[in-house]
Amino acid sequence: MCSIFGVLDIKSDPVQLRSQAIEMSKLLRHRGPDWSGVYSSDKAILVHERLAIVGVSSGAQPLYNPERTNILAVNGEIYNHKELAANLETDFTFQTQSDCEVILALYKQKGPEFLDDLNGIFAFCLYDEEQDAYLIGRDHIGIIPLYTGHDEHGNFYVASELKALSPICKHIEEFPPGHFLWSKDGQLRKYYSRDWQSFDAVKDNEAKASDVKEGLEAAVKRQLMCDVPYGVLLSGGLDSSVISAITQRFAAKRIEDNDESDAWWPKLHSFSVGLEGSPDLAAAQKVADMIGTVHHPIHFTIQEGIDALREVIYHIETYDVTTIRASTPMYLMARQIKAMGIKMVLSGEGADELFGGYLYFHKAPNAQEFHEELNRKVSKLHMFDCLRANKSMAAWGVEARVPFLDKEFVDVAMRINPEAKMCKDGKIEKHIIREAFDGYLPEEVLWRQKEQFSDGVGYNWIDTLKEYVSEQVSEQDLANAKYKYPINTPDSKEAYFYRSIFEEHFLAMQQLNVFRTANRLLAQHLKHWLGMSHSRTMLTLQVVLRAFITTRIRSNVFVLQILCLQHFPLN
């Protein structure tokens, strides 16, 4: 997992913006602790923090085309990069072993109209010096996060996480999944559109368990493209257990050379997390024993989970209650995984949305409404499960891959006749997956009913969490929530508690930028205007800072200069 930070449509001092971009990118370095790279010109700035997974020795970013006129900063993996490179219809000399370099080749061949060719997880910014143009794109589901914003000068920013934009941007938006932005026409364009999004296109289709089996096995194998130690998240539920079992079958050989050599790390390690005695830990151990992984059950206490809440909200950048509950144990597990030297894990997110795995799907009145709800759930994954998996792991420099959401497998799953996915006539949810992988898992796990991840780690986790936050938030606080938070007003004490932490984090970041701006500008102007020594400059900063803060105007250079003149006139 990496991070990108870009400044485009530059309208203020590019030298100052370069320094600022490097500082903001440091806030994302947890995503890419292995190396940092910078491209800068008067027209664009791109900063990259790298987590080396593929092409470790040669894939430092930003990447350049041979002419060094196209510059690419990308976070992600392109699983079909070899096929795309083999089928190129233009001359392009690859300079690295990075799977993402193929984006530059496709851009040369097709311009901006190539994103639907990619099967992978990605968010990127490509700058074309010759055209003074940029291309921003995000993967089909939104597995990789991406945000954009504008500052008060009109500079346009793009970043992997909110925390790098919050201190500087007046307006921030999530870049939508399955879209790209080409600056030459300024239009946000949707490239990811599928026939299965219409019920009429799938209502008469077949439903073969063999298609599910072959499609998912192919997806897992594609996603084992990796030059570093990797593992699997094994909760003991159906989805993660299936992914783990498939991975184990391919783990002995290197996928990168079509199984022609032994894997560099042939022992597959699996990880589960839970409270002592949790159902997930017990089920995960049964699966690990059967499939033969080196298994690591990770225990956490309720107090450790509560102590981590503020860090979790900072990293996952949401105040959604269910997401925070589930992210906390995952965040704690990620730290242990990183400590063992694992840099990539495969996880089971996405199956419930593709196959109707949530218990409320039992109530679907007909196949059409069932399928339409699947479409709605898939379209929202980027806000919840994908966000949780990506950011909880990336907080500790671990990349999470999600084979159920592989672009080709999503087509397989969503083209299955919805009638066959429905939970009726005594069928359990996701029964077609269970049928497809009969024999891969212990029977009691294969037919285990769905539990939320936050429940499976231990039922006391949620109950105690509710008790804790009820002591932190008063009835009066909750009653007045609509005044404090008029947008997305919290409707429970738990929601109020998380929202307040979220606001504290990101408001504090804006205030921190005020102090940094004030400190830098005042030191600069006082030394310039008054010829002060460094020590006297720092002493006088306090006087002007107090006046600056009372104006309640943030990051306003003009106000700072006026205050300086008022307190320390040039004569």
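Remember, predicted model here, so these are calculated numbers, not experimental data.

### Looking at the overall build of the chain
Move 1: Scanning the chain for helices and strands turns up 22 helices and 17 strands.
Move 2: Counting the 571 residues in the chain, one finds 58% classified as buried.
Move 3: Put simply, of all contacts in the chain between residues at least 6 apart along the chain, 70% involve residues at least 24 apart.

### Notes on the side chain of Asp139
Move 1: Relative to the elements of secondary structure, Asp139 occurs in the loop between strand 7 (133-138) and strand 8 (147-150).
Move 2: No salt bridge forms around the buried Asp139; measuring N to O, its nearest opposite-charge neighbour Arg138 is 5.4 Å away.
Move 3: Residues contacting Asp139, with those up to four places away along its chain left out, are Gly120, Ile121, Phe122, Ile144, Pro177, Gly178 and Tyr191.

### A word on the sheet that holds strand 10 (residues 171-174)
Move 1: Spatially, 2-3-1-9-8-10 is the arrangement adopted by the six strands of the open sheet, whose pairing is antiparallel. At either end of the open sheet lies a strand with only one pairing partner, and these are strand 2 (35-40) and strand 10. For this sheet the average axis-to-axis angle between neighbouring strands, irrespective of direction, equals 15 degrees.
Move 2: Contacts from helix 1 (residues 14-26) reach strand 1 (3-8), strand 2, strand 3 (45-50) and strand 9 (156-159) within the one sheet, and its direction differs from that of strand 3 by about 20 degrees.

### Things to note about the pairing of strand 9
Move 1: Taking every second residue as pointing to the same face, both faces of strand 9 are buried, with Phe156 and Val158 on one and Tyr157 and Ala159 on the other.
Move 2: As defined by bridge partners, strand 1 adjoins strand 9 across four bridges and the pair is classed as antiparallel. Counted as the bridge partner of Val7 is Tyr157 from strand 9.
Move 3: Where strand 8 lies against strand 9, four bridges are found, and the strand directions are antiparallel. Residue pairing for strand 9: Tyr147 is matched across the bridge by Ala159.
Move 4: Linking strand 8 to strand 9, which pair antiparallel, is a turn of five residues; within it Gly154 sits at a positive phi near 95 degrees.

### Some points on the confidence of the model for the chain
Move 1: With 88% of its residues at a pLDDT of at least 70, the chain reaches an overall mean of 90.
Move 2: Long-range and interchain partners of residues 526-530, a stretch whose pLDDT sits below 50, account for 16 contacts in this model, where long-range means more than four residues apart.
Move 3: Throughout residues 546-571 the model reports pLDDT below 50, and contacts reaching past four residues in sequence, or to other chains, amount to 47 contacts.

### Remarks on helix 7 (residues 302-316)
Move 1: Between the first and last C-alpha of helix 7 there are 19 Å, a value that for 15 residues agrees with the 21 Å anticipated at 1.5 Å per step.
Move 2: Residue Leu309 marks the point of greatest curvature in helix 7, where the axis turns by about 45 degrees.
Move 3: Within helix 7 the residues assigned to the buried category are Ile302, Gly305, Ile306, Ala308, Leu309, Val312, Ile313, His315 and Ile316.
Move 4: Backbone geometry just downstream of helix 7 places Glu317 in the positive-phi region, at approximately 60 degrees.

### A closer look at the nonpolar core
Move 1: Core analysis: the largest hydrophobic core is formed by 114 residues, its most contacted members being Phe124, Ile136, Leu354 and Ile433.
Move 2: Of the residues forming this core, the biggest block, seven residues, is contributed by strand 6 (residues 120-128).
Move 3: For Ile433, the residues in contact, after removing those within four places along its chain, are Val212, Leu238, Val242, Ala351, Phe355 and Phe404.

### A short note on the packing of aromatic side chains
Within a pair of aromatic rings, the relevant descriptors are the distance that separates the centres and the angle that separates the planes.
Move 1: Evaluation of the coordinates by the stated rule reveals 22 aromatic pairs.
Move 2: Pairing Tyr192 with Trp196 gives two aromatic rings, centres 6.4 Å apart and planes at 65 degrees, and the pair type is edge-to-face.
Move 3: A relative accessible area of 1% places Trp196 in the buried class.
Move 4: Within the aromatic cluster, the residues linked to one another by ring pairs are Tyr358, Tyr360, Phe361 and Phe370.
Move 5: Here the guanidinium or amino end of Lys163 rests over the ring plane of Tyr314, the centre of that ring lying 4.7 Å away.
Move 6: One residue, Lys421, lies across the ring of Phe355, its end atom 5.3 Å from the ring centre.

### Let's talk about the sheet that holds strand 11 (residues 179-182)
Move 1: Strand order in the open sheet formed by six strands is 4-5-6-7-11-12, with antiparallel pairing between adjacent strands. Each of the sheet's edge strands pairs with one partner strand only, and the pair in question is strand 4 (63-64) and strand 12 (187-190).
Move 2: Across the sheet, helix 3 (residues 102-110) is in contact with strand 4, strand 5 (70-78), strand 6, strand 7 and strand 11; its angle to strand 5 comes to roughly 125 degrees.

### Some thoughts on the packing of helix 8 (residues 321-339) against helix 17 (residues 459-472)
Move 1: Two elements in contact, helix 8 and helix 17, have axes separated by 11 Å at closest approach and are oriented at 115 degrees. For the element pair helix 8 and helix 17, the recorded crossing hand is right-handed. Together, Arg325, Thr328 and Pro329 of helix 8 and Trp461, Ile462, Leu465 and Lys466 of helix 17 make up the contact between the two elements.
Move 2: Partitioning the contact of helix 8 with helix 17 into residue classes produces four nonpolar, one polar and two charged.

### Here we look at the pattern of salt bridges
Move 1: For the structure shown, the criterion picks out 40 salt bridges.
Move 2: Notably, a salt bridge pairs Asp227 with Arg254, separated by 3.2 Å at the nearest N-O pair. Within this pair, whereas Asp227 is found in the loop between helix 4 (209-223) and strand 13 (230-233), its partner Arg254 is found in the loop between helix 5 (238-250) and strand 14 (269-274), the two being separated by 27 residues in sequence. Neither residue differs from the other here; Asp227 and Arg254 are each classed as buried.
Move 3: Notably, a salt bridge pairs Arg310 with Glu504, separated by 2.7 Å at the nearest N-O pair. Residue Arg310 is found in helix 7, and its partner Glu504 is found in helix 20 (residues 493-530); the two are separated by 194 residues along the sequence.
Move 4: What you see here is one network of salt bridges that share partners, running through Asp116, Arg194, Asp195, Lys407, Asp411 and Arg415.

### What to know about helix 4
Move 1: Over its 15 residues, helix 4 runs 21 Å from end to end, which matches the ideal 21 Å to within 8%, given 1.5 Å per residue.
Move 2: Residues of helix 4 that are buried: Ala209, Val212, Gly215, Leu216, Glu217, Ala219, Val220, Arg222 and Gln223.
Move 3: Where helix 4 is buried, its residues touch helix 5, strand 16 (344-346), helix 9 (351-355), strand 17 (399-401), helix 12 (407-414) and helix 14 (431-436).

Cut-offs and rules
Residues numbered from 1 in each chain as written. Predicted model: local features only at pLDDT ≥ 70, side-chain atom pairs only at ≥ 80, totals over all residues. Heavy atoms only, no water. Helix = DSSP H or I, 4+ residues; strand = E, 2+ residues; numbered from the N terminus. Buried < 20%, exposed > 50% of the residue type's maximum accessible area, 1.4 Å probe, protein only. Contact = heavy atoms within 4.5 Å. Lys, Arg positive; Asp, Glu negative; His and termini not counted. Salt bridge = Lys/Arg side-chain N within 4 Å of Asp/Glu carboxyl O. Pairing = 2+ DSSP bridges. Axes fitted to C-alpha atoms, helices over the stretch in contact; angles between N-to-C directions. pLDDT = per-residue confidence, 0-100. Expected span 1.5 Å × (residues − 1). Bend = angle between axes of the 7 residues up to and from the residue. Core = buried A, V, L, I, M, F, W, Y, C linked by side-chain atoms within 4.5 Å. Phe/Tyr/Trp six-rings, centres within 6.5 Å; stacked < 30°, edge-to-face > 60°. Lys NZ or Arg CZ within 6 Å of the ring centre and 35° of its normal. Left-handed = near helix turned anticlockwise from the far one by under 90°. Nonpolar A, V, L, I, M, F, W, Y, C, P; charged D, E, K, R; others polar.

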